[in-house]
Amino acid sequence: MNLTVFLAEMRKIWRPLPVLAMLVCASLFTLQAAGQASMFAHNALTSANSLGNAADNDFIANMVERYGPTLDRQTKQGLAGELNRQKRMFADGLATIPQARAANVGDYDSFNRYMEGRFGSGRVTVTIDDDGNDVYADPLLQTVNADRAMSRTLSHITFLRQVLDRTSGMDRHSRDMATLELRIMLSRSVIDRFGGGEPTGSYDDQGRPLNGSPELAQLPATITQRVDAVYGHTERYGYLGSDVVDLVTNIVTLLFIAAPICSLIMALPLMTRDRQRRMLALQYASRTGRHVVRNQLAAISATTLLTSAGVCLMLAVAATWPIRAFMSCPVISVMTIQIVWFDLDLRSYLIAATAVAMLFSLAVVMLVTFLTRRTSGMIAMLLRAVPATVACVAPTAMLLAPALFLLSGPLNRWIPLPGNEPMLFGLVLAAAGVLWVTAIIRLRHREPDGV
């Protein structure tokens, strides 16, 4: 590669108009990421887990800072002590409520027994109980809910109890539920995943079909081993709420959309502009000129990596600001049933997702530029580039990016291996590289030797 020619091609790519268009597009994606973060900060005053209980994110961040992000023995001891402290605070609050004294309710345990005896259920986070009674019509519960401090303390107790219950022993039921969810997800076809609908059929905890439901696929051995490893070692995961994990998933999906689009805005005009200005005839007139294609590909690759890295950084900074206190927390949480192939915290997961998004962007750019290399006008180039880009980005954004590194990812149905998504993108990049190498070899032999 000729460094002088490479820098000249870089200058041809980084012209004011493409840079301006790329910055406008990146700004729009950044605004969308900031909007998601703002919606999270506004609506997620509580962090709901998969079982319907809640605790505010500020409280969880405080627990992470004081006791640690992973549920090792020391953290669980700290959370148990915090649970007792929250129960004492709740008991102090009950002492000031006349309805509690009248009902002989003086602490959290007696409050739970009161609710079970009054409504036949220990869950007080629903409005209507199983008998059709309005839970919030009870004077005691109305008073507790009306007191913001009491209501928040109650949610903290519920959250801490849930965390400690899920980490006591092996929690076989949680493992069975995770296994069942994985079997259901891997049994769904790609068309069902595109539709986004809920899978049909009913099953027991062991995955046996009920009421004539179809049989579920068995989990591959690699996935079963990973599930056993996670549920056998509770110190590997944390206690984030599902809304934090959902926000991270949305960020990752946005990375896989924004990075290739912004990179294509920068890279696509290069060869089309050369053809419009009849530069190719001059380049192809000699063997040295025909080597320019290799320098152009190097410049396109460097531009793609720089652009995708910058765009991913912009989106990540804008979207992760509300959850910056959780960056050291494991992605695997007792409050969700999402299991990843690797033991990663949120920061490492986002860094790995950024690297995979850059690889995906490079594969898309190399493939689309190959398909548009012979177009002599911007309109003709767009007519080829847009369908090809949509065909690459849409399935990735809908199927692969939201399940990046997850055991429930669609690729695990055929390739149940860790990191199968970057493997796929690497194969696409290799295929695009083979196409370009073939084209360069054919171009080299197009003119007589010695020209």
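Quick caveat, the model's predicted, so the values are computed rather than measured.

Quick word on the overall build of the protein chain
Turning to step 1, where the next piece is worked out: When its secondary structure is counted, the protein chain shows 19 helices and 4 strands.
Turning to step 2, where the next piece is worked out: With 451 residues in all, the protein chain has 48% of them scored as buried.
Turning to step 3, where the next piece is worked out: Long-range pairs, those at least 24 residues apart, make up 75% of the contacts in the protein chain with a sequence separation of at least 6.
Turning to step 4, where the next piece is worked out: Surface summary for the protein chain: the accessible area is close to 21,500 Å², and the carbon and sulfur share equals 60%.

Here we look at the pattern of salt bridges
Turning to step 1, where the next piece is worked out: Under the criterion given, the structure shown has 4 salt bridges.
Turning to step 2, where the next piece is worked out: For E82, the salt bridge goes to R85, with nearest N and O atoms at 2.8 Å. A residue pair is termed a helical-turn pair when its members lie 3 or 4 positions apart in one helix, as E82 and R85 do in helix α4 (residues 73-94) at 3 residues.
Turning to step 3, where the next piece is worked out: Bridged by salt links that share partners, the residues R66, E82 and R85 form one connected network.

Focus on a nonpolar patch on the surface
Turning to step 1, where the next piece is worked out: A cluster of nonpolar side chains, I379, L382, L383, V386 and V390, forms an exposed patch at the surface whose accessible area comes to about 490 Å².
Turning to step 2, where the next piece is worked out: By secondary structure assignment, the location of L383 is in helix α18 (residues 378-400).

Looking at the nonpolar core
Turning to step 1, where the next piece is worked out: Membership of the largest hydrophobic core comes to 117 residues, with the highest contact counts inside it found for F111 and Y239.
Turning to step 2, where the next piece is worked out: The element contributing the most residues to this core is helix α12 (residues 242-267), with 14 residues.
Turning to step 3, where the next piece is worked out: Once residues within four sequence positions are removed from consideration, F111 is found in contact with F90, L94, V105, L140, L141, V144 and L154.

Here's the deal with the confidence of the model for the protein chain
Turning to step 1, where the next piece is worked out: Here the protein chain averages 79 in pLDDT, and 79% of its residues register 70 or above.
Turning to step 2, where the next piece is worked out: Here residues 45-54 is a poorly scored stretch, pLDDT under 50, and it has 36 contacts once near neighbours within four places are set aside; other chains count.
Turning to step 3, where the next piece is worked out: Within the model, pLDDT remains below 50 along residues 122-126, and this stretch shows 12 contacts once partners closer than five positions in the same chain are excluded.

Thresholds, definitions, all that
- The numbers attached to residues start from 1 for each chain and follow its sequence in the written order.
- pLDDT decides what is reported in this predicted model: residues at 70 or higher carry local features, side-chain atom pairs at 80 or more are listed and counted, and totals for whole chains, interfaces and linings draw on all residues regardless.
- Hydrogen atoms and water are omitted, and side-chain values are computed over all heavy atoms in the structure.
- Here a helix means four or more residues in a row that DSSP labels H or I, a strand means two or more in a row labelled E, and each is numbered from the N terminus.
- Only protein chains enter the calculation, and the probe is 1.4 Å; a residue is then buried if its accessible area is under 20% of its type maximum, exposed if over 50%, and partly exposed in between.
- Whether two residues are in contact is decided by their heavy atoms, any of which lying within 4.5 Å being enough.
- All accessible-area figures derive from a Shrake-Rupley calculation using a 1.4 Å probe, and residue coverage is judged against the displayed protein chains alone.
- Salt bridges are defined by distance alone: a side-chain nitrogen of Lys or Arg within 4 Å of a carboxyl oxygen of Asp or Glu.
- To count toward a patch, a residue needs a relative accessible area above 30% and no salt bridge. Like charges then connect within 9 Å, nonpolar side chains (Val, Leu, Ile, Met, Phe, Trp, Tyr) within 5 Å.
- In plain words, nonpolar cores are sets of buried Ala, Val, Leu, Ile, Met, Phe, Trp, Tyr and Cys residues tied together by side-chain atoms within 4.5 Å.
- Predictor confidence is given residue by residue as pLDDT, running from a minimum of 0 to a maximum of 100.

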